[in-house]
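# Reading the structure
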Amino acid sequence: MIEYKGVNNMKKFVRAAVLFMMMLALLCLCGFSAAESAQQERQIIRVGIRDTIRHNTHQTGVYDSIDIELVTEAFRRMGYEPEFVPIQRSKMKQMLTNCKVDCVLACDDGSLDLSEYAYSDHYINGRLAVMVPAKSSIKTLADLKGVRMAVRMDSQCERYFDNHGKIGMLLTFPSLTDAVDAMRYFHAEAVAGDMAEMMCLTGRDRSQYRLLEDYITTGQKCVLFDKVRGAQWVEPLNNAFRAMRADGFTEAVIEKHGAEEASFLEGVE
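Presented here is a report on the structure given in the accompanying data block. Note that the structure is a prediction, hence the values are computed from the model and not measured. (Residues numbered from 1 in each chain as written. Predicted model: local features only at pLDDT ≥ 70, side-chain atom pairs only at ≥ 80, totals over all residues. Heavy atoms only, no water.)

## Notes on the pairing of strand S10 (residues 217-226)
The two faces of a sheet get side chains in turn, since along a regular strand they alternate between them. A large share of S10 lies buried, amounting to eight of its 10 residues. By the bridge criterion, six bridges tie strand S3 (residues 103-108) to S10 in an arrangement that is antiparallel. The partner of Leu-105 across the bridge, within S10, is Val-223. In this structure, strand S5 (residues 124-133) lies alongside S10, joined through five bridges in antiparallel fashion. Bridge assignment links Leu-128 to a residue of S10, and that residue is Thr-217. (Buried < 20%, exposed > 50% of the residue type's maximum accessible area, 1.4 Å probe, protein only. Helix = DSSP H or I, 4+ residues; strand = E, 2+ residues; numbered from the N terminus. Pairing = 2+ DSSP bridges.)

Okay, structure coming up:
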């Protein structure tokens, strides 16, 4: 039987192509298995977050704020995979004591009794601020008289404006998302809430809004643990936060969200 060279060459080419595809598939499978194995090797750590942060999931499908990103990276550097659990502020100590969560993201604004917890160093500044449209004539808190203000119901901002009575009308909403939308669609002239969260919520429209020059309250964010059970995590977490500031990760996250590094890291060592 006569075999032509062209046919032989074609057979060799097909065999080589099949062999190449099999090797490529094997490499991909190995890479996937390695990544999956690395993910499985990380221990889960349950991180309690304010239940209002749930609003950030409607755009990306994941929790999204500056402090969430920083804490996620810090725990991953420690070999843990964070699992975020929305909790009420009033129940955070109970959740820690009952092992429902391993730690809680909190802001040391003077309202916490830190002696009841083991806690990390401050890793970022936390501020309650007021956001307005970029073209608004409102510059400071003193300019809010007569303004329609949107806030999350049962929040520190709601209590602040109830007590100070500087505004024209206080509009309360189930979440900060709804409060920001009220400003976005002109039902409110301003919105008050956590500065970092409002920056995340405005996202791509960030240039259309700005923060007032002064703040409602200032504090510094930290991670709280049960005083006995959680002490083991404090120093490794502090080391991770310090390393992230040193290698530029913290600054990159802040810049990604359109914020100024100085406003978030001033006084943070």
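## With respect to the side chain of Asp-67
Tracing the sequence through the fold places Asp-67 in helix H3 (residues 66-77). Of the residues examined, Asp-67 reaches a relative accessible area of 2% and is grouped as buried. At 3.0 Å, the side chain of Asp-67 and the side chain of Lys-221 are in polar contact. Apart from residues lying up to four places away in sequence, Asp-67 is in contact with Arg-50, Tyr-123 and Lys-221. (Polar contact = N/O pair within 3.5 Å; in protein donor to acceptor, adjacent residues only side chain to side chain. Contact = heavy atoms within 4.5 Å.)

## So, the nonpolar core
Among the nonpolar cores identified, the biggest contains 49 residues, and Ile-66, Phe-75, Val-191, Val-223, Phe-225 and Phe-264 are the most heavily contacted of them. Residues Leu-128, Leu-141, Val-147 and Phe-161 belong to the second largest nonpolar core, which totals 17 residues. (Core = buried A, V, L, I, M, F, W, Y, C linked by side-chain atoms within 4.5 Å.)

## Considering the packing of aromatic side chains
In total, this model carries four aromatic pairs according to the counting rule given. With 5.0 Å between their ring centres and 85 degrees between their planes, Tyr-160 and Phe-161 make a pair best called edge-to-face. Both residues of the pair, Tyr-160 and Phe-161, count as buried. Through a chain of ring-to-ring contacts, the aromatic side chains of Tyr-80, Phe-225 and Trp-233 assemble into a single cluster. Positioned above the aromatic ring of Phe-249, the side-chain terminus of Arg-77 is 5.7 Å from the ring centre. Positioned above the aromatic ring of Tyr-215 is the side chain of Arg-127, whose terminal nitrogen or guanidinium carbon lies 4.8 Å from the ring centre. (Phe/Tyr/Trp six-rings, centres within 6.5 Å; stacked < 30°, edge-to-face > 60°. Lys NZ or Arg CZ within 6 Å of the ring centre and 35° of its normal.)

## Focus: helix H7 (residues 195-202)
In terms of residue burial, H7 counts as a mostly covered element, since eight of its eight residues are buried. For H7, the complete set of buried residues consists of Met-195, Ala-196, Glu-197, Met-198, Met-199, Cys-200, Leu-201 and Thr-202. Sitting at the amino-terminal end of H7 is Asp-194, which places a side-chain oxygen 3.1 Å from the backbone nitrogen of Ala-196. Residue Gly-203 follows H7 closely and has a positive phi angle near 45 degrees.

## A look at unusual backbone geometry
Even without glycine at this site, Cys-99 takes up a positive phi of about 65 degrees. Non-glycine residue Phe-186 carries a positive phi angle of around 70 degrees. Tracing the backbone shows Phe-186 in the loop between helix H6 (176-184) and strand S8 (190-194). Using a relative accessible area of 66% as the deciding quantity, one classes Phe-186 as exposed.

## Details of the packing of H6 against H7
Where H6 meets H7, the closest approach of the two axes is 10 Å, and the angle between their N-to-C directions is 60 degrees. Our classification of the angle between H6 and H7 gives oblique. Handedness of the H6/H7 crossing: right-handed. Note on element contacts: H7 touches H6 through Glu-197, Met-198, Leu-201 and Thr-202, opposite Leu-176, Thr-177, Val-180 and Arg-184. For the contact of H6 with H7, the per-class residue count stands at four nonpolar, two polar and two charged. (Axes fitted to C-alpha atoms, helices over the stretch in contact; angles between N-to-C directions. Parallel < 35°, antiparallel > 145°, perpendicular 65-115°, else oblique. Left-handed = near helix turned anticlockwise from the far one by under 90°. Nonpolar A, V, L, I, M, F, W, Y, C, P; charged D, E, K, R; others polar.)

What is shown is where atoms sit, not what they do.
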